[in-house]
Amino acid sequence: SSRTICLLSQLEKINLDSVLAESDSARYVTSRILHLVQSQEKSKKDMTSKGSPGIEVILSTLEVKSFHLCVYGFIAVLHLIIMKHIASVLVTKGGTQILLQLLLTASKDSPPNEELLVLLHTLLAKIGPKDKKIGVKARINGALNISLNLVKQNLQNHRLLLPCLQVLRVYSTNSVNAVSMGKNGIVELLFKIIGPFSKKSTSLMKVALDTLAALLKSKTNARRAVDRGYVQVLLTIYVDWHRHDSRHRYMLIRKGVLQCIKSVTNIKLGRKAFIDANGMKILYHTSQECLAVRTLDPLVNTSSLIMRKCFPKNRLPLPTIKSAFHFQLPVIPASGPVAQLYNLPPDVDDVVDESDDNDDGETESEIEAEIDDDKDQEFKNDDIETDIDKLRPRQELGRPIEELKMYEQFFLELSEDFQDWDLVSKEPKPLVPDASLSGPIVVPTASEE
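No experiment lies behind these values; they were computed from the predicted model shown. (Residues numbered from 1 in each chain as written. Predicted model: local features only at pLDDT ≥ 70, side-chain atom pairs only at ≥ 80, totals over all residues. Heavy atoms only, no water.)

**Student:** How should I be thinking about the overall build of the protein in this particular structure?
**Tutor:** The number of helices and strands found in the protein is 24 helices and zero strands. Expressed as a percentage of the 449 residues in the protein, the buried residues total 40%. Contacts in the protein between residues at least 24 apart in sequence constitute 75% of all its contacts with a sequence separation of at least 6. In the structure as shown, the protein presents an accessible area of about 27,100 Å², 55% of it carried by carbon and sulfur atoms. (Helix = DSSP H or I, 4+ residues; strand = E, 2+ residues; numbered from the N terminus. Buried < 20%, exposed > 50% of the residue type's maximum accessible area, 1.4 Å probe, protein only. Contact = heavy atoms within 4.5 Å. Areas by Shrake-Rupley, 256 points an atom, 1.4 Å probe, with all protein chains shown as cover.)

**Student:** Can you walk me through the pattern of salt bridges in this structure?
**Tutor:** Opposite charge on two side chains permits them to pair, given that their charged atoms come into close proximity. In the structure shown here, the tally under the stated rule is nine salt bridges. Across the pair Lys 137 and Asp 131 runs a salt bridge, and its minimum N-O distance is 2.9 Å. Judged by its relative accessible area of 26%, Lys 137 is partly exposed. A salt bridge links Lys 272 to Asp 276; the nearest nitrogen and oxygen atoms lie 3.1 Å apart. Within this pair, Lys 272 and its partner Asp 276 are both found in helix H19 (residues 268-276), separated by four residues, close to a single helical turn. Take Lys 272: its relative accessible area is 52%, and that puts it in the exposed class. (Salt bridge = Lys/Arg side-chain N within 4 Å of Asp/Glu carboxyl O.)

**Student:** What am I meant to see in the packing of aromatic side chains here?
**Tutor:** A ring pair, where both rings are aromatic, is described by two values, the distance of the centres and the angle of the planes. Enumeration according to the criterion identifies two aromatic pairs in this entry. An angle of 15° between the planes, with centres 3.9 Å apart, marks the rings of Phe 191 and Tyr 230 as stacked. Pair noted here: Phe 191 is in helix H14 (residues 186-194) and Tyr 230 is in helix H17 (residues 230-244), with a separation of 39 residues, a long-range link. Both residues of the pair, Phe 191 and Tyr 230, belong to the buried class. (Phe/Tyr/Trp six-rings, centres within 6.5 Å; stacked < 30°, edge-to-face > 60°.)

**Student:** Is there a simple way to think about the environment of Glu 289 in this case?
**Tutor:** Within the fold, Glu 289 resides in helix H20 (residues 279-290). Since its relative accessible area comes to 55%, Glu 289 is described here as exposed. Taking the C-alpha atoms as reference points, Glu 289 and His 242, 47 residues apart in sequence, are found 9.5 Å from one another. Within the structure, the side chain of Glu 289 is placed 2.5 Å from the side chain of His 242, a separation counted as a polar contact. (Polar contact = N/O pair within 3.5 Å; in protein donor to acceptor, adjacent residues only side chain to side chain.)

**Student:** Help me understand H19, please; the structure alone is not making it clear to me.
**Tutor:** Since the α-helix packs 3.6 residues into each turn, any two residues three or four apart lie on the same face. When H19 is considered as a whole, its buried residues turn out to be Gly 270, Arg 271, Ala 273 and Phe 274. Seen end-on, H19 carries its buried residues on one side only, within an arc spanning 165°. Opposite the buried face of H19, by more than 90 degrees, sit the exposed residues Lys 272 and Asp 276. Buried positions along H19 lie against helix H16 (219-227), H17, helix H18 (251-264), H20 and helix H21 (297-310). Positive phi appears at Asn 278, one or two residues downstream of H19, with a value of about 65°. (Arc of directions from axis to C-beta.)

**Student:** Sorry, what's going on with the nonpolar core here?
**Tutor:** Most often, soluble globular proteins keep nonpolar side chains buried together rather than apart. If you look at the biggest cluster of nonpolar residues, it comprises 110 residues, and the most contacted ones within it are Ile 75, Leu 165, Tyr 171 and Ile 186. Ranked by residues supplied to this core, first place goes to helix H9 (residues 114-127) with nine residues. (Core = buried A, V, L, I, M, F, W, Y, C linked by side-chain atoms within 4.5 Å.)

**Student:** Which parts of the structure should I look at to understand a nonpolar patch on the surface?
**Tutor:** On the surface, a nonpolar cluster with roughly 270 Å² of combined accessible area is contributed by Leu 397, Ile 401 and Leu 404. Residue class for Ile 401 comes out partly exposed when judged on its relative accessible area of 46%. (Patch = residues over 30% accessible without salt bridge, like charges linked within 9 Å, V, L, I, M, F, W, Y side chains within 5 Å.)

**Student:** Explain the side chain of Arg 224 here, please?
**Tutor:** Looking at the secondary structure, you find Arg 224 in helix H16. The buried charged residue Arg 224 lacks any salt bridge partner; its closest oppositely charged side chain belongs to Glu 188, at an N-O distance of 4.5 Å. Apart from residues no more than four positions distant in its own chain, Arg 224 is found in contact with Gly 182, Lys 183 and Glu 188. (Lys, Arg positive; Asp, Glu negative; His and termini not counted.)

**Student:** I keep staring at H14 and nothing clicks. Help me out?
**Tutor:** Here H14 lies mainly inside the structure; eight of its nine residues are buried. Within H14 the residues assigned to the buried category are Ile 186, Val 187, Glu 188, Leu 189, Leu 190, Phe 191, Ile 193 and Ile 194. In this structure, the buried residues of H14 make contact with helix H11 (143-153), helix H12 (158-171), helix H13 (175-183), helix H15 (202-215), H16 and H17.

**Student:** It is not clear to me how the environment of Met 280 should be interpreted in this structure. Could you clarify?
**Tutor:** Here Met 280 shows up in helix H20. Given the relative accessible area of 21%, Met 280 is considered partly exposed. Note: C-alpha distance between Met 280 and Cys 310 (30 residues apart in sequence) is 8.1 Å. If we skip the residues at most four places from it in the chain, Met 280 touches Phe 274, Ile 275, Met 307, Cys 310 and Phe 311.

Listed below in structure tokens is the structure:
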């Protein structure tokens, strides 16, 4: 067996002996495994191959509370060997709970080990999408507040700030977590990070925008952003990036700003603030300038969805100058709700908006959603018919079916049963004249056709 497997076997024996766990042998084995993984690709394969005890031994080692000297070494090992399938294995083996507990323990050290906090948050960000319950586990464990406080205390420390935001982005997919973080001021902190315009730390900017877009899906956070005038700020940031990104290298950042605007306009107050901030004109003109570049199609599509969602809706039929056609109802009562609607000024949005801002189901007492809402809710175009049967025109016969039966004898392949053919002469049996077709056969002329 390889040296890595031998070292893992030694470590497994050390874990079973509480006396050896605190000795220098544990530190030596840990450092040797870390050195092999760092220097040899074969050691990585030995740790992650099917049937290897590497992951189980490392997780069992991290669970030993008196094993503080080896925690950093094995966290570094997991960071080096982490991949998609390894992330799934870590989740199934209970790695999420172990890492959250280690984060809680590491935060109590004075002073805290920054390198260990960075590695722990990086690992949690990688395995988080594989664990649908990570948001609930982090909130119950207390790790949610730890990451949030680290963001508040390290706004200028980008090395620690970036993995913390990546973890918060994973946590914010849970609606209860999003509301809780919004009450703790995370929305205001993120706006300090994304503005003003700067091309420094663009990776941090992208993660902050993704986190903000996920948080603004909460109606509570969206209203908080509207009340503080952040819709105008988002539009200003988007225009700045549109003007300065002449080579279109930061398309993902520009799309992230649009995703934030899209999330905040899910509520009625957000749509009103967008229109008051001249958002329709801004997105229309920027989209026109992006049409010539095919790589910017995602920006044009997202801008179109936002503009269509925020455009004022009016009743049908439209008895105003906005409509090219005028339809009059047959009977309009002299009084009542219908008459009140038709007496409104032409520029009034008279369609009832079901997304009432007072109806907020996202409170702390809300039942925990178990399924992550990872996909954006695309704005559906209800005025486009998608049923093919309805779009296909119905073909009606020009003559009754009874008149067409007289032509059956000219097209025997459509009605004749060829099993009745004479196999010797290869000719059909004599036809029996149909009593219903009495009289001579009349062939219509071309003019009659």
